[in-house]
Amino acid sequence: MIRISPDIQEAIAAGRGVVALETTLVAHGFPPGEGVRVGLESEAAVRAGGAIPATIGILDGQIVVGLTEAELGRFDVSARKLGPRDLAACLVQGAVGATTVGGTLAVCRATGIQFMATGGLGGVHRGWPTPPDVSADLDVIAQTHALIVSSGVKSLLDVPATSELLETLGIPVLGWRTNTMPLFYSALGGPNVSARVETAAEAAAIAKSHWAIGGGGLVVGRPPDVSLDNVEPLIQEALAKADADGIHGQAVTPYVLSYLHRESGGRTLAANRELIVGNARLAGEIAAAA
Ligand code: PSU
Ligand code: MN
């Protein structure tokens, strides 16, 4: 059911650092073609950081760990978006399935991969409890022995509420050379992190210590190198438009991201690409230091 590429199998067996990368942002987070480019740049960044990239998705009834470039090209907007609940049906039905953070971490748990990178985590959607939309990402992070590097929580969500929930779930949020959780496109203004870290070795040591005392997942929040501020009015516009268009559930995040990419004249798209690749690089460094 799971096909792991030989280089990744070797790396896992030898205890070398492996960093999982998701396919939802490839298929649904960027305009056609652009997502694949971001995926390939992320893989190169993991290698530059000193670790082995493992891009994960479902193809032809198999969970593939270590997609080839040709295979990655099959992840377009027609792919299913797979949270943890969606993996089994996608496998049996032979569909192309792009894994979210939660879906990817479920595969990490099955294969022993301990590191991952993404852009921004899912979390509590604004307006909770109407609708009661909380991303499955958080629950899976809590249950998985993995460290995930992200630029915090996507700012189209309710970030303070998500920060509270991360605490409730016992998920450490380590600020990468910062005291506050990054706000996806923007570096500053988020809630406090649970601890600040200065080096990859320090983050790796905290992860190993957390796992040794029975903890699950950890988040490292890395601020974007170039902070894009003042996106909030556009986010509110996008969320109102999504509501008016009857967009709900899994479709909200891709809809809002593409609205922002279009209406910002590509500024959020460039920021999103850069933060994803930077997170992959840092995840590679932390995995290599572990
Ligand atoms: N980071 C990005 N773009 C994305 C995502 C993360 O920069 O598209 C994806 C991840 O797959 C994450 C998902 O798990 O968004 C969260 O979606 P939702 O809010 O529907 O749970
Ligand atoms: Mn949701």
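Residues numbered from 1 in each chain as written. Chains lettered and ligands numbered in written order. Predicted model: local features only at pLDDT ≥ 70, side-chain atom pairs only at ≥ 80, totals over all residues. Heavy atoms only, no water.

### Structural notes on the pattern of salt bridges
Side chains bearing opposite charge may pair, as long as their charged atoms lie close to each other.
Argument step 1. Applying the stated criterion to the full structure yields 11 salt bridges.
Argument step 2. Among the salt bridges present, the one from Arg222 reaches Asp225, with a minimum N-O distance of 3.2 Å.
Argument step 3. Residue class for Arg222 comes out buried when judged on its relative accessible area of 5%.
Argument step 4. On the basis of relative accessibility, which here comes to 67%, the residue Asp225 falls in the exposed class.
Argument step 5. A salt bridge links Arg262 to Glu263, with the shortest nitrogen-to-oxygen separation between them at 3.7 Å.
Argument step 6. The class for Arg262 is exposed, based on a relative accessible area of 52%. (Salt bridge = Lys/Arg side-chain N within 4 Å of Asp/Glu carboxyl O. Buried < 20%, exposed > 50% of the residue type's maximum accessible area, 1.4 Å probe, protein only.)

### Some words on the site of ligand 1
Argument step 1. Contacts to ligand 1 come from 19 residues, most closely from Glu22, Lys81, Ser135, Asp137 and Lys154.
Argument step 2. Side-chain polar atom of Asp137 to an oxygen atom of ligand 1: 2.8 Å apart, as the coordinates give it.
Argument step 3. Here Lys154 contributes a side-chain N or O atom positioned 2.8 Å from an oxygen atom of ligand 1.
Argument step 4. Calculation on ligand 1 without its partners gives an accessible area of 490 Å², and the protein chains cover 95% of this total.
Argument step 5. The set of elements that each furnish at least two residues to the shell around ligand 1 consists of helix H2 (24–28), helix H11 (252–263) and helix H12 (267–289).
Argument step 6. Here the shell around ligand 1 is composed, by residue class, of five nonpolar, 10 polar and four charged. (Near = heavy atom within 4 Å. Polar contact = N/O pair within 3.5 Å; in protein donor to acceptor, adjacent residues only side chain to side chain. Areas by Shrake-Rupley, 256 points an atom, 1.4 Å probe, with all protein chains shown as cover. Helix = DSSP H or I, 4+ residues; strand = E, 2+ residues; numbered from the N terminus. Nonpolar A, V, L, I, M, F, W, Y, C, P; charged D, E, K, R; others polar.)

### Some words on the packing of H11 against H12
Each pair of packed helices gets described by two things: the angle between the helix axes and the distance between those axes.
Argument step 1. Across the interface, H11 lies against H12 with an axial gap of 5 Å and an inter-helix angle of 120 degrees. Judged on the interaxial angle alone, H12 and H11 are oblique. Where H11 approaches H12, its residues Leu257, Leu260 and His261 are matched on the opposing element by Thr268, Leu269 and Asn272.
Argument step 2. Looking at the contact of H11 with H12 residue by residue, the classes come out as three nonpolar, three polar and no charged. (Axes fitted to C-alpha atoms, helices over the stretch in contact; angles between N-to-C directions. Parallel < 35°, antiparallel > 145°, perpendicular 65-115°, else oblique. Contact = heavy atoms within 4.5 Å.)

### Focus: unusual backbone geometry
Most peptide bonds are trans, and most residues other than glycine sit at a negative phi.
Argument step 1. A cis amide bond links Trp128 with the next residue in sequence, Pro129, at an omega value of 10 degrees.
Argument step 2. Looking at the element boundaries, Pro129 is found in the loop between strand S7 (115–117) and helix H7 (137–143).
Argument step 3. Of note, the amide linkage connecting Thr130 to Pro131 takes the cis form, showing an omega dihedral of 5 degrees.
Argument step 4. Note on placement: Pro131 falls in the loop between S7 and H7.
Argument step 5. Phi angles above zero are rare outside glycine, and Arg177 is one such case at about 55 degrees.
Argument step 6. Mapped onto the fold, Arg177 is located in the loop between strand S9 (173–176) and strand S10 (195–197).
Argument step 7. On the basis of relative accessibility, which here comes to 49%, the residue Arg177 falls in the partly exposed class.

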